[in-house]
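Here is what each chain is made of, one letter per residue.
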Amino acid sequence: MMSKILIQSFVLFIVILIKCHIVDSSCVFNGYCGDCHNCIVEESPIPCAVNIKPMTLNTTSMDAMKPFLPELFKGQLDPKFCCNDEQVSKLFKQMALPKGLTSRCPSCTYNFIRTFLYMTCSPNQSDFIKVTKTEKAETDPKKEMVAEITYYMTDRYATAFYNSCANVQSPLTGGSIMTLMCMPYGDHCTPTLLLKTMGKHDSHGISNSPFQINFDLKSNSVGMSSMDAPTVSCADPPISYMNQSCSCTDCPIKCKPKPYPKPEEPWIVWGMDGMWFCMGVIYYILAAVIIGIFTFYYFKRNSGRVLLVPVVSEDDIRTDDINDTNSSLCKRLSQSLLNYGLKFDGFIRKCFKNYGLFCSQKPYVYILPVIGIALSVGLSVGVVTHFSAMTDPVNLWSAPDSRARLEKNFYDQNFNPFYRIQQLIIYPKNDTPIIHIDPYNTSIIHTFGPAFDKEFLLQVLDLQKNITNIKVSLDGMDVHLEDLCFAPMKNNKCAVQTPLGYFQSNASQLNKTLNNNNYLDHFIYCLDNPYSQNDDKFNISCAGSYGGPMLPNVVFGDFDRNNYIGAKSVVITIMLNNNVNKSDNLRALLWEQKYLNLMKKYKNSNLKISYYSERSIEDEIDRQSKSSLVTIAISYIVMFIYISISLGRFTSFRRLFIDSKMILGLSGVAIVLLSVTASIGILSFAGIKSTLIIVEVIPFLVLAVGVDNIFILVQNFQRQQFADDFPIQERFGCVMESVAPSILLATIAESSCFFLGGLTSMPAVKVFALNAGLALLMAFILQMIVFVPLLVLDTYRQLENRYELLCCLKYKKDRNSQNTTDQRGLLFRFFEDIYSPFLMKDYVRLPVVILFLGWLCTSIAVLNKLEIGLNQDLSMPSDSYVLSYFKAQTNSLRVGPPVYFVVKSGFDYPRRQQLVCNIAGCSANSLTAIINEASKQPNETFIASPTNSWIDDYISWSGNGQCCRVRSNDTFCNSTITSDPDCKPCAIITDNEIKAEDFYKHYINDFLNDIPNSMCPKGGGPAYHSAVNLEYNNNDTEILGIRASSFSSYHTVMRTSHDFIYALKNARILAQSLTNSINSDNNITDTYVEVFPYSIFYVFYEQYLTIWMDTIKNLVITLSAIFVVTLIFLGFDVISALIVIATITAIIINLMGMMFWWNISLNAVSLVNLVTAVGISVEFCSHITRGYAMSNAVTRVQRVEESLAQMGSSVLSGITLTKFWGIIVLGFASSKIFQIFYFRMYLGIVLIGALHGLIFLPVILSLIGSNLRHKTLNNG
């Protein structure tokens, strides 16, 4: 019992001692004894060192403190504190700067201010504050002012305080506020380092604190305790201060990450690619069915003939009366159509026969060529007088009414076009790393990349100055870089992003050493603290000469992650202002040209330089188009030589220049060229601009078609067996009657498919299609009215034994004595006697069908794997300086292109701020919150960083008494004005929102023109001046609203077309989410506001979002046109028309399969080639099919053999071999785009088309070709 009493007495004694200790608590500093003259925040007073009791404060001071120290007021009628009223007033002024940085997150602001209020005002100050050093007071020499203190604090409090602020974002910098608050440690900040930074006082440099504060988190000091006041997590609201918690962006623990659509998983079936599996199954089923049918008919027929479809004998045909009254309606309809077809065909034949008679008579044989040449030359004049080429990539590949184009126009008109970029990526030839020992800790060794070599940097600086000093003249006026560049700080200094900016682009600063610190130590500091205005160890700023930051990931290249000091290259970026009206960019274009000229002449053996200008791509595309003319010309010469040789029929060496067709071949090539120039001239007269694709593609297309027609005409005439006394006119009448309808069929089918292809919205494809259609029509017209009469004249010459080049000379020996050889030609005899009979063998046709079916299935299996896009380097000449830049850009740059999320007009910002902002009190699904959430999943969203939000900074700026200040006359008072007592803080913030009635007053314009400084880092001038387009009244005296505003971020680094395409696709998905969010609580009367994404590359890559749809649409349209025309000209023979379409479709699918295997991507260029392939494929199919349809032979096999012999040789020699030799030349072109998209694709078109037209099509016709035409002819 006694022991229990003793224990209770001891406990009571301890409690009394504690109470006495509290009552007897003293203050260790108080009042005002001096000023800090080198502190970041002006009016930073230094207190006096004292030993006094806490005191009572006035109501104003207590009201200011109570929200942050509620526990010190609880239950106290007359609370006392260790600070006086003046200290409280000045402390809250000092807190304006950190409050401005942390105001997005109330918990961070609350904990920050509490930390220093406890230090300054706590009645128990002496318990955890120890003054360790004093100096003579400035105000009174008899007093001591505080020089250094130790602040004892628990590790728990320090960690909780740090965690509440660690993820708070700074929209202005695009990163955490720790990069500003925790200098020089930046991203490496910890609770200890944050406190160390805040307590730093440097008598020689810029100080964060008016006296040195040493934070002790592990105190064992006798008689001292550690401050461990309650803290508020970022996920909780500091109720006494603000009943709002931090946003999810500033406090990741508050919200769970939102799911984002993952990329589509590959289709796998039983461990195999799904398409391969399906097409494999389909192929084996179809192959089994075909072989089964083959076997069935093999055993069914006693003869053992292997046919997939039984042959109908001639007797069966004659007994099959199609006009029988018992025939079905379908048969009667078919017969009726065929009868109309026969009449139409007869009419066409008769017209061409009469024309053949007409054009071979004098004087028409002379007059018609003159008329044709005069007509084509007259139309070609338009090329000289009205021709205008589209070279702007935007106009080439983006339709004027496309979404990307409309969005680009909207952005340009509201914010001005994105800057004109000039960029250099520079490597040192010496790639040796640089070893640097830390001057303060020799155990720390830094390994720098070769980009940090001083001599290298000095040479880069010399080049940089040469560039920035470029001067051009226009209209007698000198134009300097400062007249053109982006200068956000309004000091007429260009925002050149360069690593030399850390030294203000000054060689003396780079060579400077101070206290054993050299340029490498300054780099270490600035790379961690790019926004720092002073490196106290080196005594210079990290800001560039223009006053703004140099971003490490922008000015350095070739480094891993954030290891900037390992960089192997430097990047210099100069931004010139851009204008909507291109004529206003003339000064910039001149400056860029002089810059490019300088770089082309610049020589330095120590530097490897890749450079680029905004005008570079357009210049190089134009240069390539001109250089490609040589390649095209050589290709034409090769084809001309082949044509001249192949058209002739040589019987002896003596008759070489009599039987040759050089002049005729040259005439044929000239007709092709005239048809192309005439078509371009027609469109030029019509005001339609042409593209360089026309020069590169259409001549080959028209030559393929035109030469084929020439071969058909000439060879058909040569193979006809005419009696010697048969008149020339009658001969040409027969030839024209025989082959001209087939030529007309091909021409109309091809031109129709191109004209319908002109319905596409893509300008390059549209203009190409129109030109191609016109050129084909012109080629046909010129062949009829020029070439045919020339062929007549050449025939007269040859019959009279006159030499081709010297028509006045005549070979004396009679030509008839030499006419003992077979005039059908070697190739014709090969097709008639060897190839056709062999192909029609039953044991050949079955393997052909199986092999071509397998080829088709494998091509279909890889269609979905066809790469989409056009790597930018392919569009450049092989010797272009831009190729080096593209390679360096891909390998070196560590920052992606900027992306802007644009809010169109109509949004009610004053009353719906919470739907776009991302600070405390804003919606968790606000616009900026969604973007910032997307940036946390960069692999899926391609968004690399949180958005720079002007409205967040506008709210923070408005609530900061050092930023938003007005005079009594309501005029703005800049933060740099410190001596005007009339400047008072704006009172426009309520509940962390700008009052609706004040939102559109002059404040927003003041914010958008305010330049940030140490007193007010939230000024929005440099970052947001061009991000908000204000709407004024007619007198420009009152702000009515916002026409448009943008929220910027960055895409991830993108290296391939796939990356750019998916970045655009995902940005649009994200923008749709933003649109839904800001319209989520719309009333009926509210305006629906759209949000769209914009980046400079979208307008080029949008085509790839719909390239498959565009490809399918163009191919379906062209195939439909061919089907209709073929159906009509084949006398409404549906089966033959369908076979033609099926064969052409197979050619296109197999060509696309070849594109996959030969690494040819699908883009606008290859789409043009696919449409071209459809047109050329008509040549491979239509002539043979029409020859089959019009044949009088009995069986399908016989009809195919006859058609193949008559037309196959012309198709092979006229299209396949002619194009083959010309295409081979393209393989030696210097341009990658020629090698890939012209050599490879054209070679594929010719070879695949020839294989299908000369092997697959005849076999199919022999198996399932129509008998209806044959029956009609026999019944007629």
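What counts as what
Residues numbered from 1 in each chain as written. Predicted model: local features only at pLDDT ≥ 70, side-chain atom pairs only at ≥ 80, totals over all residues. Heavy atoms only, no water. Helix = DSSP H or I, 4+ residues; strand = E, 2+ residues; numbered from the N terminus. Buried < 20%, exposed > 50% of the residue type's maximum accessible area, 1.4 Å probe, protein only. Contact = heavy atoms within 4.5 Å. Areas by Shrake-Rupley, 256 points an atom, 1.4 Å probe, with all protein chains shown as cover. Pairing = 2+ DSSP bridges. Axes fitted to C-alpha atoms, helices over the stretch in contact; angles between N-to-C directions. pLDDT = per-residue confidence, 0-100. Patch = residues over 30% accessible without salt bridge, like charges linked within 9 Å, V, L, I, M, F, W, Y side chains within 5 Å. Salt bridge = Lys/Arg side-chain N within 4 Å of Asp/Glu carboxyl O. Phe/Tyr/Trp six-rings, centres within 6.5 Å; stacked < 30°, edge-to-face > 60°. Lys NZ or Arg CZ within 6 Å of the ring centre and 35° of its normal. Core = buried A, V, L, I, M, F, W, Y, C linked by side-chain atoms within 4.5 Å. Disulfide = S-S within 2.5 Å. Parallel < 35°, antiparallel > 145°, perpendicular 65-115°, else oblique. Left-handed = near helix turned anticlockwise from the far one by under 90°. Nonpolar A, V, L, I, M, F, W, Y, C, P; charged D, E, K, R; others polar. Expected span 1.5 Å × (residues − 1). Arc of directions from axis to C-beta.

When its secondary structure is counted, the protein shows 44 helices and 27 strands. When each of the 1276 residues of the protein is scored for burial, the buried share is 56%. Considering only intrachain contacts with a sequence separation of at least 6, the fraction spanning at least 24 residues in the protein is 74%. Approximately 54,200 Å² of the protein is accessible, and the part contributed by carbon and sulfur atoms is 59%.

With that out of the way, let us pick up the sheet that holds strand β26 (residues 1039-1050). The sheet built from four strands is open, its strands ordered β25-β26-β20-β27 with antiparallel pairing. Each having just a single partner strand, β25 (1028-1032) and β27 (1091-1094) make up the two edges of the open sheet. Ignoring which end each strand starts from, the neighbouring axes of this sheet average 20° apart. The pairing of strand β20 (residues 898-903) with β27 spans four bridges and is classified as antiparallel. The residue bridging V902 from the neighbouring strand is F1092, located in β27.

Here the focus is the confidence of the model for the protein. Detailed reading of the predicted coordinates is not advisable wherever pLDDT is low. Summary statistics for the protein give a mean pLDDT of 84 and a share of 89% for residues scoring 70 or more. For residues 1-23, every residue scores under 50 in pLDDT, and the model assigns this stretch three contacts once sequence neighbours within four places are set aside. A low-confidence stretch, residues 815-821 stays under pLDDT 50, and its non-local contacts, those more than four residues away or across chains, total 10 contacts.

Quick look at a nonpolar patch on the surface now. A cluster of nonpolar side chains, F358, Y364, Y366, I367 and I371, forms an exposed patch at the surface whose accessible area comes to about 450 Å². Looking at the nonpolar patch element by element, the count peaks at four residues for helix α14 (residues 364-385). Its place among the elements puts I371 in helix α14. For I371, a relative accessible area of 46% translates into the label partly exposed.

Looking now at unusual backbone geometry. That bond from K362 to P363 is cis: its omega, 10°, falls within 30 degrees of zero. Mapping P363 onto the fold places it in the loop between α13 (329-359) and α14. The residue Q504 is not glycine, and still its phi comes out positive at about 55°. Tracing the backbone through its elements, the reader meets Q504 in the loop between β15 (477-480) and α18 (507-510).

Looking now at the packing of aromatic side chains. Under the counting rule described, the total for this entry stands at 58 aromatic pairs. Here the aromatic rings of W270 and F277 are separated by 5.3 Å at their centres, their planes lie at 80°, and the arrangement is edge-to-face. Consider the rings of F1097 and Y1101, whose centres lie 5.9 Å apart with planes at 80°: the pair is edge-to-face. Assessed through its relative accessible area of 6%, F1097 is described here as buried. Three or more aromatic residues joined by ring pairs make a cluster, and in this case those are F907, Y909, W950, Y954, W957, F972, F999, Y1000, F1007, Y1024 and F1047. Between K512 and the ring centre of F538, over which it is positioned, the NZ or CZ distance is 5.6 Å.

Quick look at the nonpolar core now. One recurring pattern in soluble globular proteins: nonpolar side chains tend to sit buried together. Judged by nonpolar contacts, the single largest core of 207 residues is most densely connected at Y909, W950 and F999. In terms of residue count, helix α43 (residues 1232-1264) provides more of this core than any other element does, 20 residues in total. The residues contacting F999, other than those within four sequence positions of it, are Y909, P910, Q913, W950, I951, Y954, I994, I1004 and I1042. Y427, V472, A588 and Y602 belong to the second largest nonpolar core, which has 82 residues in total.

Under the criterion given, the structure shown has 15 disulfides. Across the disulfide, C526 is cross-linked to C542 (sulfur-sulfur distance 2.0 Å). Handedness here is read from the sign of the S-S torsion; for C526 and C542, about -85°, the answer is left-handed. Of this pair, C526 sits in helix α19 (residues 519-528) while C542 sits in the loop between α19 and α20 (552-555), and the two are 16 residues apart along the sequence. Judged by relative accessible area, C526 falls into the buried class, the value being 0%. On the basis of relative accessibility, which here comes to 0%, the residue C542 falls in the buried class. Through a disulfide, C963 is tied to C1016; the S-S separation comes to 1.9 Å. Linking C963 and C1016, the disulfide has an S-S dihedral of approximately 115° and is accordingly described as right-handed. Linking C963 in the loop between α33 (950-959) and β21 (965-966) with C1016 in the loop between α35 (1002-1009) and α36 (1021-1024), this pair joins segments that are 53 residues apart in sequence.

Our next topic: the sheet that holds strand β18 (residues 607-612). The strand order across the open sheet formed by four strands is β16-β17-β11-β18, and the pairing between neighbours is antiparallel. In this open sheet, the two edge strands, each paired with only one partner strand, are β16 (556-557) and β18. Here two bridges tie β16 to strand β17 (residues 569-576), and the two strands are oriented antiparallel to one another. Looking across to β17, one finds that F556 is bridged to V570.

For the rest of this paragraph, the subject is the pattern of salt bridges. Summed over the entire model, instances satisfying the criterion amount to 22 salt bridges. D412 serves as the salt-bridge partner of K408, at 2.7 Å between the closest nitrogen and oxygen. Highlighted residues: K408 and D412, both in helix α16 (residues 403-415), separated by four residues, approximately one helical turn. The residue D953 makes a salt bridge to K1018 at a minimum N-O spacing of 3.0 Å.

Put simply, helix α31 (residues 927-934) and helix α37 (residues 1057-1078) touch, their axes get as near as 9 Å, and they point 150° apart. Taken together, the axes of α31 and α37 are roughly antiparallel relative to one another. Note on packing geometry: the crossing formed by α31 with α37 is right-handed. On α37, the residues touching L927, I930, I931 and A934 of α31 are L1070, S1073, L1074, S1077 and I1078.

With respect to the element layout, S949 can be found in the loop between α32 (938-941) and α33. When its relative accessible area of 1% is taken as the criterion, S949 is described as buried.

With that settled, consider the pairing of strand β14 (residues 471-474). Inspection of the sheet shows β14 paired to β15 by four bridges, in the antiparallel sense. The partner of L474 across the bridge, within β15, is M477. Between β14 and β15, which pair antiparallel and follow one another directly, the connecting turn spans two residues, one of which, D475, has a positive phi of 55°.

What follows covers the packing of α33 against α35. In the contact formed by α33 and α35, the axes pass within 10 Å of each other and the chain directions differ by 105°. On the basis of the axis angle, α33 is roughly perpendicular to α35. Of α35, the residues touching α33 (which contributes W950, D953, Y954 and W957) are Y1003, I1004, D1006 and F1007. The residue makeup of the contact of α33 with α35, split by class, is six nonpolar, no polar and two charged.

Compared with an ideal rise of 1.5 Å per residue, which puts 16 residues at 22 Å, helix α21 (residues 586-601) spans 23 Å between its outermost C-alpha atoms and is within 8% of the ideal. Looking only at α21, the buried set comprises A588, W591, E592, Y595, L596 and M599. Taken down its axis, α21 places every buried residue within 140° of arc, on the same side.

The terminal C-alpha atoms of α14 lie 32 Å apart, and with 22 residues this matches the ideal 32 Å at 1.5 Å per residue to within 8%. Within the sequence span of α14, burial applies to V365, L368, P369, G372, S376, S380 and G382.

Among the secondary structure elements, E730 is positioned in helix α26 (residues 728-757). Spatially, the C-alpha atom of E730 lies 9.4 Å from that of N354, the residues being 376 residues apart in sequence.

A few words now on the side chain of Q783. Within the element layout of this structure, Q783 appears in helix α27 (residues 763-799). Given a relative accessible area of 2%, Q783 falls into the buried group. With residues up to four places along the chain from it excluded, the contact list for Q783 reads I671, G706, N709, I710 and V788.

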